[in-house]
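# Breakdown of the fold
Spelled out, the chains give:
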Amino acid sequence: MPLGSRMLLLLFFCCGGSARAPNGDLTVRPTCKPGFSEDDYTALVSQNIMEGQKLLKVKFSGCSESKGIQYETDNLDFKQKGKKNTSADLLQQPSDTLLPWRHQQNSHGLRRQKRDWVIPPINVPENSRGPFPQQLVRIRSDKDSEIHIRYSITGVGADQPPMEVFNIDPVSGRMYVTRPMDREERASYHLRAHAVDMNGNKVENPIDLYIYVIDMNDNRPEFINQVYNGSVDEGSKPGTYVMTVTANDADDVTTANGMVRYRIVTQTPQSPSQNMFTINSETGDIVTVAAGLDREKVQQYTVIVQATDMEGNLNYGLSNTATAIIMVTDVNDNPPEFTASTYSGEVPENRVEVVVANLTVMDRDQPHSPNWNAVYRIISGDPSGHFTIRTDPVTNEGLVTVVREVDYEMNRAFMLTVMVSNQAPLASGIQMSFQSTAGVTISVTDVNEPPYFPTNHKLIRLEEGVPTGTALMTFSAVDPDRFMQQAVRYSKLSDPANWLNINATNGQITTAAILDRESAYIKNNVYEATFLAADNGIPPASGTGTLQIYLIDINDNAPELQPKEAQICEKPNLNVINITAADADIDPNIGPFVFELPSVPSAIRKNWTITRLNGDYAQLSLRIMYLEAGVYDVPVIVTDSGNPPLFNTSVIKVKVCPCDENGDCTTIGAVAAAGLGTGAIIAILICIIILLTMVLLFVVWMKRREKERHTKQLLIDPEDDVRDNILKYDEEGGGEEDQDYDLSQLQQPESMDHVLNKANGVRRVDERPVVAEPQYPIRPVIPHPGDIGDFINEGLRAADNDPTAPPYDSLLVFDYEGSGSTAGSVSSLNSSSSGDQDYDYLNDWGPRFKKLADMYGGGEDD
């Protein structure tokens with residue numbers, strides 16, 4: 001042990017007796033407090049101390065003159081020698097036996113049991129190298145001299161996981177530790193010691209044993225992160241907080257083993273000072289210690305931080321390191337500055353959204369941050385707001401852009417004063433630079449501008465009907481190019497009714513036709529025409545102007561009677577004709593209208609009368625009691641209220657007809673009103689009856705013919721009808737090569753044995769026969785009556801009786817003709833004009849061949 005090291009010894013005492021009252025209770029003496037003279041005893045131990053050498057002297061006051069006080073220590077390296085008095089010297093005599101169950105005998109010879117001892121904790125250093133098992137303490141009862149006692153321990157570390165860390169000799173009571181301890185795994189153990197006899201009966205009450213693992217400095221401090229990131233504003237004052245690093249030590253933090261201290265090992269770069277930062281050794285807070293942080297010079301510092309336990313003792317403590325990266329954040333300490341004092345640009349007149357100049361600036365702050373982003377303003381030189389300056393987000397340049405048209409004839413040049421600043425305000429104490437303002441000269445170039453009509457959509461008022469050639473006005477245009485000597489010429493661009501002309505030189509407009517307000521080209525009394533004015537510049541430019549002519553109405557349209565046709569009963573009643581008038585003019589050249597009948601011919605006023613209802617309507621009715629049915633043309637004179645008034649004689653066709661009790665014309669009456677007499681009506685009715693009779697007879701005849709044709713079809717089967725017919729087979733192939741037919745069926749087989757050996761049956765083209773072909777009767781060379789019919793019937797009967805027939809229709813081969821034919825080649829048949837062929841035998845073949853017999857044999861009709 002090094003010289004000067006301190007050793008704390010825990011001493012235990014046990015009183016062998018105490019004063020007791022006559023009734024057996026302990027006597028309490030409030031004036032005396034038993035205990036050691038000092039709470040702690042400290043001894044300086046030399047490294048070369050010899051065994052048995054006295055270290056210190058302790059004193060205990062028991063508040064009694066009783067003897068028998070004993071002193072004990074929990075450290076086996078130190079022993080004590082108890083005295084019979086109140087003081088003791090620590091000696092090397094071994095005494096590691098605990099007597100927690102001590103019994104004393106009183107003055108009368110009776111033994112009484114004292115209170116159980118409170119056993120002090122047992123300290124075991126961690127990471128001990130053994131040898132194991134290593135004895136910790138011996139526990140015994142003073143009854144072991146009388147009976148055999150068995151000792152045991154229970155609790156975590158004994159009979160509970162982790163198992164068998166501690167064990168005890170059941171006979172001697174010696175307790176051992178069986179393996180090295182690790183305080184970081186478990187710092188303490190709580191066991192209970194038991195004493196029983198050989199029969200398992202409890203001899204003593206269980207006592208508590210507390211075992212503490214003494215910490216050793218076997219763990220390095222560990223940083224929570226290997227790399228810490230922090231930031232600090234540039235230009236920060238000394239003492240500005242930056243960040244905190246933290247390291248944890250698994251050792252006991254209440255001892256020096258777990259007390260961590262921090263320090264900065266290195267700083268990179270060492271600019272402007274090698275000690276720009278410092279760290280609080282206990283908390284790990286990193287703060288600035290020097291001024292001069294400038295992001296534009298150093299953007300990042302790398303600081304190596306060391307954490308050491310043993311309160312930072314580099315000789316005995318364990319250390320670890322971590323990296324702290326400190327970013328110097330930007331502040332707006334550099335105002336933007338123009339790279340030039342003046343800029344220039346050029347813009348054509350009448351153009352917008354054109355960039356005329358690029359303003360470049362320099363800013364040393366962090367790019368693409370509010371401290372770097374430029375904001376431009378026009379201070380002077382543009383009172384009308386023709387220009388604006390937009391910032392390019394990538395290059396930070398200022399784009400001088402035209403937002404309002406400039407006129408060369410008004411301003412040939414602009415002298416702008418512009419200023420640049422940042423989105424973020426400047427840092428405290430930073431002033432704007434004189435280079436933050438600049439001048440911009442913008443020249444305006446002249447271009448050929450189109451002529452324009454000063455009063456576009458020019459409106460004039462004019463009466464309709466003015467004569468052709470009347471001068472209306474001079475619709476002239478202005479050429480804005482005052483500094484160009486150019487001529488303007490005029491032409492029509494739109495004149496829907498072709499009513500106007502314009503002088504190509506001076507723009508005078510005259511009428512080319514009579515303007516009619518009632519024309520279809522007029523909308524809301526306004527006629528609209530568009531004219532073109534073009535200069536002779538290079539390139540030529542043109543402008544348009546619209547002339548609107550409001551036509552004032554004159555009474556130039558006579559009223560028209562409505563309706564043009566009507567009907568009325570032949571006898572006067574409530575059935576009258578309501579009439580009115582329509583006038584194309586407008587007020588005051590329309591109603592009220594005057595309706596009257598002409599005096600000539602006199603029959604008009606004799607038969608008819610007009611009753612005025614109001615200014616726009618009147619009633620036409622019969623004056624006489626009866627008027628023969630028919631159609632009458634009734635002239636009516638209608639006069640408007642214009643100045644001068646116009647009148648018109650309109651004819652209304654009135655149909656006079658007989659009416660029923662409801663006042664409606666009857667059907668006969670309507671016909672009669674159309675102008676037909678009674679004889680004509682009777683003739684028409686007779687014609688209708690004759691026509692219906694003819695239609696009925698024709699229908700009867702058609703039904704009878706249909707019945708006869710149906711009877712004839714029953715005698716002649718349509719399939720046996722040999723008349724020429726057009727058959728539709730729905731499919732036209734390309735010939736036999738396109739059809740999937742078995743052509744071998746049309747060829748003569750080389751051998752007929754397999755055919756002749758088959759049973760009788762019908763041969764099918766969809767199924768190869770497995771039996772002999774059925775033997776059908778061979779037709780004779782000379783035909784006989786009924787031969788073909790019998791042949792077909794026999795083949796049909798054989799097919800119906802075929803058991804192999806499929807349930808659908810299939811092609812049947814009824815006969816095989818062999819290798820030769822008694823008939824000659826069909827191609828050798830020629831029509832003969834001289835010889836007559838006898839076809840009379842066809843009559844003997846039955847009714848199905850009667851048609852052929854009639855066609856070729858002549859038959860009975862000849």
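To keep things clear, this report deals only with the structure shown in the data block. Because the structure is a prediction, the values reported are computed rather than measured.

### Overview of the sheet that holds strand β11 (residues 122-125)
Here 4 strands make up an open sheet; going across it, the order is β11-β17-β16-β13 and the pairing mixed. At either margin of the open sheet sits one strand with a lone partner, and together these are β11 and β13 (149-155). Taken over all neighbouring pairs, the strand axes of this sheet differ in orientation by 30° on average, direction set aside. With 4 bridges joining them, β11 and strand β17 (residues 202-214) adopt parallel strand pairing. Within the sheet, the bridge partner assigned to Val 124 lies in β17 and is Val 213.

### Some words on the nonpolar core
By size, the foremost hydrophobic cluster in this structure holds 25 residues, and its most contacted members are Ile 153, Phe 166, Met 175, Leu 209 and Ile 211. Among the elements of the structure, β11, β12 (134-141), β13, β14 (166-168), β15 (174-177), β16 (188-197) and β17 are those that each provide at least two residues to this core. It is β17 that contributes the most residues to this core, 5 residues altogether. Non-local contacts of Leu 209, meaning those with residues more than four positions away in its chain, are made with Ile 119, Ile 139, Ile 153, Met 175, Tyr 189, His 190, Leu 191 and Ala 193.

### Observations concerning the state of the cysteines
On inspection of all chains with the given rule, the structure shows 2 disulfides. Between the sulfur atoms of Cys 569 and its disulfide mate Cys 659 the distance is 1.9 Å. Measuring handedness by torsion sign, the sulfur bridge of Cys 569 and Cys 659 sits at about -105° and is left-handed. One end of the pair, Cys 569, is in strand β44 (residues 565-569); the other, Cys 659, is in the loop between β50 (647-657) and α2 (667-673), and 90 residues separate them in sequence. At a sulfur-sulfur separation of 1.5 Å, the disulfide partner of Cys 657 is Cys 665. Classification of Cys 657 by relative accessible area gives buried; the value is 1%. On the accessibility criterion, Cys 665 (22% relative accessible area) is partly exposed.

The rules behind the values
Residues numbered from 1 in each chain as written. Predicted model: local features only at pLDDT ≥ 70, side-chain atom pairs only at ≥ 80, totals over all residues. Heavy atoms only, no water. Pairing = 2+ DSSP bridges. Helix = DSSP H or I, 4+ residues; strand = E, 2+ residues; numbered from the N terminus. Axes fitted to C-alpha atoms, helices over the stretch in contact; angles between N-to-C directions. Core = buried A, V, L, I, M, F, W, Y, C linked by side-chain atoms within 4.5 Å. Buried < 20%, exposed > 50% of the residue type's maximum accessible area, 1.4 Å probe, protein only. Contact = heavy atoms within 4.5 Å. Disulfide = S-S within 2.5 Å.

Such coordinate-based values are descriptive only and should not be taken to indicate function.
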